[in-house]
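This is what each chain is made of:
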Amino acid sequence: MTLAPETTRTTAALTLQLLLEDGWFPICELSLLTPGRGVAALLPDGSQAALFTDRAGRTYAIDNRDPFSGAAVLSRGLTGTHRGRPFVASPLLKQRFDLESGRCLDDEDVRVTTYEVRAA
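Looking at the secondary structure, you find Asp98 in strand 8 (residues 96-98). We classify Asp98 as buried; its relative accessible area is 2%. A distance of 2.8 Å separates the side chain of Asp98 from the side chain of Arg85, its partner in a polar contact. Only 2.7 Å separates the side chain of Asp98 from the backbone nitrogen of Glu100, close enough to count as a polar contact. Look past the residues within four positions of Asp98 in its chain and what remains in contact with it is Arg85, Pro86, Phe87, Arg103 and Leu105.

Structure below.
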């Protein structure tokens with residue numbers, strides 16, 4: 001079934017935003033994210049962010065580029081937890097990245113950029 005958003009909403013939708021150098025950048029409606037699945041967003045500088053939400057409603061954003069392969073694929077990775085920390089595993093080489101800190105759980109010398117996220 002297809003819903004026409006402008007005819008079915010009774011309240012304003014929350015927009016997911018990332019904090020970039022020049023302020024908050026709107027990405028998409030929060031309701032478009034599915035818990036446990038990532039989405040990629042094109043940023044103004046041409047880079048990409050990978051956005052995730054979990055079942056508790058927490059949202060995360062990291063660089064979409066896998067530092068081991070150079071491919072923009074982290075948004076397609078599998079999510080999980082390790083010692084209570086949320087992570088995404090790269091779909092290519094399977095390295096895991098902490099969604100809160102960006103630290104690689106499999107190589108302490110590697111990390112990806114994280115972004116502050118808000119829904120407004």
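Still to come is the rest of the account.
Applying the stated criterion to the full structure yields 1 aromatic pair. Between Phe68 and Phe97, the aromatic rings sit 6.2 Å apart at their centres with planes inclined by 45°, giving tilted as the arrangement. With Phe68 in the loop between strand 5 (59-63) and strand 6 (78-82) and Phe97 in strand 8, this residue pair connects regions lying 29 residues apart in the sequence. Lying over the aromatic face of Phe87, Arg96 brings its terminal NZ or CZ to 5.6 Å of the ring centre.

Spatial strand order, 2-1-10: 3 strands in an open sheet with antiparallel pairing. Each edge of the open sheet is held by one strand with a lone partner, namely strand 2 (23-29) and strand 10 (117-119). Strand-to-strand twist of the sheet, defined as the mean angle between neighbouring strand axes without regard to direction, takes the value 30°.

Take the layout of surface pockets next. Quantified by volume, the largest pocket comes out at close to 200 Å³. Taken together, 14 residues form the lining of the largest pocket, with Asp54, Thr79, Gly80, Thr81 and Pro86 sitting closest to its centre. Every element with two or more residues in the lining of the largest pocket is listed here: strand 4 (48-53), strand 6 and strand 7 (85-89). Residue contributions to the lining of the largest pocket peak at 3 residues, all from strand 6. Each residue belonging to the lining of the largest pocket can be placed in one class, and the counts come to 4 nonpolar, 6 polar and 4 charged. Of the voids in this model, the second largest pocket is the one considered here, and its volume is about 160 Å³. In terms of lining residues, the second largest pocket is bounded by Leu20, Glu21, Asp22, Leu43, Pro44, Asp45, Ser47 and Tyr115. For the lining of the second largest pocket, the per-class residue count stands at 4 nonpolar, 1 polar and 3 charged.

This part is about the sheet that holds strand 6. Reading across from one edge, 6-7-8 is the order of the 3 strands in this open sheet, with antiparallel pairing throughout. Where the open sheet ends on each side, the last strands, each with one partner, are strand 6 and strand 8. Between one strand axis and the next, the sheet turns by 35° as a mean value, whatever way the strands run.

What counts and how
Residues numbered from 1 in each chain as written. Predicted model: local features only at pLDDT ≥ 70, side-chain atom pairs only at ≥ 80, totals over all residues. Heavy atoms only, no water. Helix = DSSP H or I, 4+ residues; strand = E, 2+ residues; numbered from the N terminus. Buried < 20%, exposed > 50% of the residue type's maximum accessible area, 1.4 Å probe, protein only. Polar contact = N/O pair within 3.5 Å; in protein donor to acceptor, adjacent residues only side chain to side chain. Contact = heavy atoms within 4.5 Å. Phe/Tyr/Trp six-rings, centres within 6.5 Å; stacked < 30°, edge-to-face > 60°. Lys NZ or Arg CZ within 6 Å of the ring centre and 35° of its normal. Pairing = 2+ DSSP bridges. Axes fitted to C-alpha atoms, helices over the stretch in contact; angles between N-to-C directions. 1 Å grid on protein atoms, 1.4 Å probe; cavity = no way out; pocket = protein on both sides within 12 Å on 5 of 7 lines; lining within 4 Å. Points joined across faces, edges and corners; volume = space filled by probe spheres on them. Nonpolar A, V, L, I, M, F, W, Y, C, P; charged D, E, K, R; others polar.

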